[in-house]
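Chains, contacts and geometry: an overview
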Amino acid sequence: MTAWLMPHLLVAPILLPMATGALMLLLGEERRRLKVGVNLLSTALWFAIAIALLRWVDGQGQAGQAAVGIYLPGNWQAPFGIVLALDRLSALMLALAGLVACASVLFAAARWHRAGVHFHPLFQFQLMGLAGAFLTADLFNLFVFFEIMLAASYGLLLHGSGRIRVQASLHYIAINLAASSLFLIGASMLYGVTGTLNMADLAQRIPQVAAADRGLLHAAAGILAVAFLAKAAIWPLNFWLVPAYSAATAPVGALFAIMSKVGLYTLLRLWTLLFSADAGASAFFGGNWLIAGGMLTLVFGAIGMVASQKLGNLAGYSVVVSSGTLLAAFGFGQSALTAGALYYLLSSTLAASALFLVVDLIERWRNDGATFAPHERDDHAPFLSPDLKPLVGINLDEEQQVLIGRAIPAAIAFLGLAFMGCAVLVAGLPPLSGFIGKMAMLSALLNPLGLDHGITDVAGVPGISNTPGAPQWTLLALVIGSGLLSLIAMSRAGIRHFWAAQGRGVPTLRIAEGVPVGALLLGCMLLTVFGGRALRYTQDTADALRQPQAYMQAVMQARPVPNPVKAATP
Amino acid sequence: MEIVLAIAIGVLTSSGVWLLLRPRTFQVIMGLSLIAYAVNLFIFGMGRLSIDREPVLLQHLPATLQHYDDPLPQALVLTAIVIGFAMTALFLVVMMALRGLSGSDHVDGTEDLGGDLPPAGELEDGR
């Protein structure tokens, strides 16, 4: 279906939100109903395009081979013009962002979009930045799309205003401006050393860099990586994340769950491309830093989850945990582990996103409409909140017969089940996809070459043996341990908000707010049911990342479309 | 020339970083601006320094790098300046908003460093 649209469909995820966003700006602040409709329609279309691109990429080439779609926006050949490249990884991220965006915009349409001005245009510009960051194959273009995405995210974070949001935004903007400066320094240093900004061209030139310049090259890559790691929330650079994400309005928080994955995506993309096994003296540069940083982030996130009193912080720390796990897993640079990690990325992003939405519904139910209870504005809630004390006149022991057989209101049941689903996903317990993702990662950690190889079997790949060493065992322990800690934190929060919730009314739940939560959790269930296909896809993605030559060739060999006038007159 | 530029970038960056770490929002924004200037100069430097060479092709000069300056970093600087300017303006607005909401120009919105934060309810009216 998409074959005749192809290379041109590739630029649609960038152009569509740009056009819609600009159009909605022209509509002014009135006509909210129209704008909700336009936004919903455009986001749904964006998701559909992402799915079409995913199907196209998956249909191209055999398993293990790279499938790359190239679009030359300026009709200039690769090292001179900007290139958009779509491979399995970018298609996967686009589709994931599409689902999260659809859920988020639907949730916002119920209530939150009225909390401030220009929600819908900002939302569309955010999608544009996301799509651009996933698709571009040019380092400076990546910077521009990062800034589009960040500028929109500043606006979205400020949506709803209020002191807490403004303060969180101030920190968020300051850290991102500093990170952008580092991005520019790193990118221009790479240009100074190699003379190109095209990612594929960079990858070709890095093995040929003179030995005297290699230190400069590594410094550039390190500075660039710090900019992405701050976005991806590695440990010492992630103190901004939890206040910002928990202060954001719920649909924005849900959308931001994909934002920190952009940093991870860029790291994975650039690291596998620039420092692949072919990169000569620079091969796998910095992998150990990713592993160590990821593990520290994982520990920090897990401790943060247990320490959180506020539900929003719990959701924020679950994003940190997922970032840490992914960073450490990517750092090993093994294809099977990366495949498992990509699957875990899908599952954990959907779960974190759903958690942000569920948390908003629970908080509203609990506070009877207010967004935060007074004692929960800061994260200083006592362990025994007022809700936990048995109220006078209500008997909580076994003699209370009345409770038995009383129907649970559907809204509470839905909220409870949704929260439970999120808890199971975040902690990585068996029925849902969180478990499959962690299982895939852990088995790949212990058996990097697959189960059919013996423990002493050493493949020809440098740096990989089938014997797990200390880093592997540490990550294994940390992943399992963090799962336990998040389970404890989530069950404590669940008990406090559902079982100990006496004397509260029944929450009013709108369909438009229930559907997005359901859709995100359904996405995870589909990932579980079609786990084999999803894992096959992520395995192909990881294999393609391990062999970036096909991506490099596709980018470098793309030829501009001939000028129609010249073609007509030979 | 190289040493002058290097010192300029170094001074700008170090002053910027120092200001960025200060507790007042105005100092932070000045720090960010200084860092942005330093970064722009740095991008220029990465295109190699040269005197009396133009980045645009001229009729009477052969089109080799020997006779021209690298035009790409200049294009990059232009983009970086525009983006940096817009972001600084936005930061300024947020800074003013926080000043209005919290009644303090501290980056945390409160003067009370160390010790427990006062209850949020008091801060709301503490203007």
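Residues numbered from 1 in each chain as written. Chains lettered and ligands numbered in written order. Predicted model: local features only at pLDDT ≥ 70, side-chain atom pairs only at ≥ 80, totals over all residues.

**Re the overall build of chain A**
Each helix and strand counted, chain A has 20 helices and two strands in total. Per-residue burial over chain A gives 55% buried out of 570 residues. Within chain A, contacts between residues separated by at least 24 positions form 80% of all contacts whose residues are at least 6 apart in sequence. (Helix = DSSP H or I, 4+ residues; strand = E, 2+ residues; numbered from the N terminus. Buried ≥ 20, exposed ≤ 12 C-beta atoms within 10 Å, placed from the backbone. Contact = placed C-beta atoms within 7 Å.)

**Side note on the overall build of chain B**
Scanning chain B for helices and strands turns up four helices and zero strands. Moving toward the C terminus, one meets the helices and strands of chain B in the order α-α-α-α. Counting all 127 residues of chain B, 26% fall into the buried class. Excluding contacts between residues fewer than 6 apart, the proportion of contacts in chain B whose partners are at least 24 apart in sequence is 49%.

**Some remarks on helix α1 (residues 2–20) of chain B**
If you check α1(B), its first and last C-alpha atoms are 26 Å apart, about what 19 residues at 1.5 Å a residue would give, namely 27 Å. Every buried residue of α1(B) is accounted for by B:L12, B:T13, B:G16 and B:L20. The arc that holds the buried residues of α1(B), viewed along the axis, is 95°, so those residues lie on one side. In this structure, α1(B) carries B:I3, B:V4, B:I7, B:G10, B:V11 and B:W18 as exposed residues pointing more than 90 degrees from its buried face. In this fold, the buried residues of α1(B) make contact with α6 (163–194) of chain A together with α2 (25–46) of chain B. (Expected span 1.5 Å × (residues − 1). Arc of directions from axis to C-beta.)

**With respect to the interface of chain A and chain B**
Contact residues are listed per partner, giving 25 residues for chain A and 30 residues for chain B. Contributions of two or more residues to the side of chain A that touches chain B are made by α5 (139–158) and α6 of chain A. The leading source of residues in the side of chain A that touches chain B is α6(A), at 16 residues. Along the lines of polarity and charge, the residues of the side of chain A that touches chain B split into 16 nonpolar, five polar and four charged. (Nonpolar A, V, L, I, M, F, W, Y, C, P; charged D, E, K, R; others polar.)

**A short note on the packing of helix α12 (residues 311–331) of chain A against helix α13 (residues 335–366) of chain A**
Residue and element names in this part refer to chain A. Taken N-terminus to C-terminus, the directions of α12 and α13 make an angle of 175°; their axes are 9 Å apart at the nearest point. It follows that α12 is roughly antiparallel to α13 by the angle criterion. For the pair α12 and α13, the contacting residues are L311, G312, A315, S318, V319, S322, T325, L326, A329 and F330 in the first and L337, T338, A341, Y344, L345, S348, A352, L355, F356, V359, I362 and E363 in the second. (Axes fitted to C-alpha atoms, helices over the stretch in contact; angles between N-to-C directions. Parallel < 35°, antiparallel > 145°, perpendicular 65-115°, else oblique.)

**Thoughts on the confidence of the model for chain B**
Residues and elements named next belong to chain B. In this model, chain B carries a mean pLDDT of 83, and residues with pLDDT of at least 70 account for 87%. Here residues 119–127 is modelled with pLDDT under 50, and outside its nearest four sequence neighbours on either side it reaches nine contacts, counting other chains as well. Across the predicted assembly, pTM comes out at 0.88 and ipTM at 0.87. (pLDDT = per-residue confidence, 0-100.)

**A look at the nonpolar core**
All names here are of chain A. Counting 230 residues, the largest nonpolar core has A85, A354, V358 and V555 as the members making the most contacts within it. Top element by residues in this core is α13. It accounts for 21 residues. Sequence-distant contacts of V555, that is, excluding residues within four places in its chain, are made with I70, A78, V83, A85, A137 and A200. (Core = buried A, V, L, I, M, F, W, Y, C linked by C-beta atoms within 7 Å.)

**A closer look at α5(A)**
All names here are of chain A. Between the first and last C-alpha of α5 there are 29 Å, a value that for 20 residues agrees with the 28 Å anticipated at 1.5 Å per step. Burial within α5 is extensive, with 19 of its 20 residues counted as buried. Positive backbone phi, at 100°, marks G160, one or two positions downstream of α5.

**What to know about the packing of helix α15 (residues 433–446) of chain A against helix α16 (residues 470–499) of chain A**
All names here are of chain A. Remark: α15 packs on α16, axes separated minimally by 9 Å, with the N-to-C direction vectors making an angle of 160°. Judged by the angle between their axes, α15 and α16 are roughly antiparallel. Remark: the crossing between α15 and α16 carries left-handed chirality. In contact with K438, M441, L442, L445 and L446 of α15, α16 contributes Q472, L475, L476, V479 and G483. Across the contact of α15 with α16, the residue classes break down as seven nonpolar, two polar and one charged. (Left-handed = near helix turned anticlockwise from the far one by under 90°.)

**What about the environment of B:N40?**
All names here are of chain B. Mapped onto the fold, N40 is located in helix α2. Among the residues examined, N40 registers 22 C-beta atoms within 10 Å and is labelled buried. Residues N40 and L78, spaced 38 residues apart in sequence, show a C-alpha to C-alpha distance of 8.6 Å. Apart from the residues within four sequence positions on either side, N40 is in contact with V77, A80 and I81.

**Overview of unusual backbone geometry**
Residue and element names in this part refer to chain A. Positioned with a positive phi, S161 is a non-glycine residue whose angle comes to about 50°. Note that S161 resides in the loop between α5 and α6. Positive phi values are uncommon outside glycine, yet A233 reaches one of about 65°. The topology assignment puts A233 in the loop between α8 (214–232) and α9 (241–247).

**What about the confidence of the model for chain A?**
Note: predicted coordinates in regions of low pLDDT should not be interpreted at a detailed level. Residues and elements named next belong to chain A. Averaged over every residue, the pLDDT of chain A is 84; residues scoring 70 or more account for 86%. Averaged pLDDT values for the elements of chain A fall to 64 in helix α20 (residues 564–568) and rise to 94 in helix α4 (residues 119–135). Confidence drops under pLDDT 50 across residues 388–393; counting only partners more than four residues distant or on other chains, this segment forms six contacts.

**As for the environment of A:K438**
All names here are of chain A. With respect to the helices and strands, K438 occurs in helix α15. Distance in space between the C-alpha atoms of K438 and F300 is 19 Å, their sequence separation being 138 residues. The residues contacting K438, other than those within four sequence positions of it, are Y344, G428, V479 and G483.

**A look at the environment of B:A6**
Here B:A6 lies in helix α1. For the pair B:A6 and B:T25, spaced 19 residues apart in sequence, the C-alpha to C-alpha distance is 28 Å.

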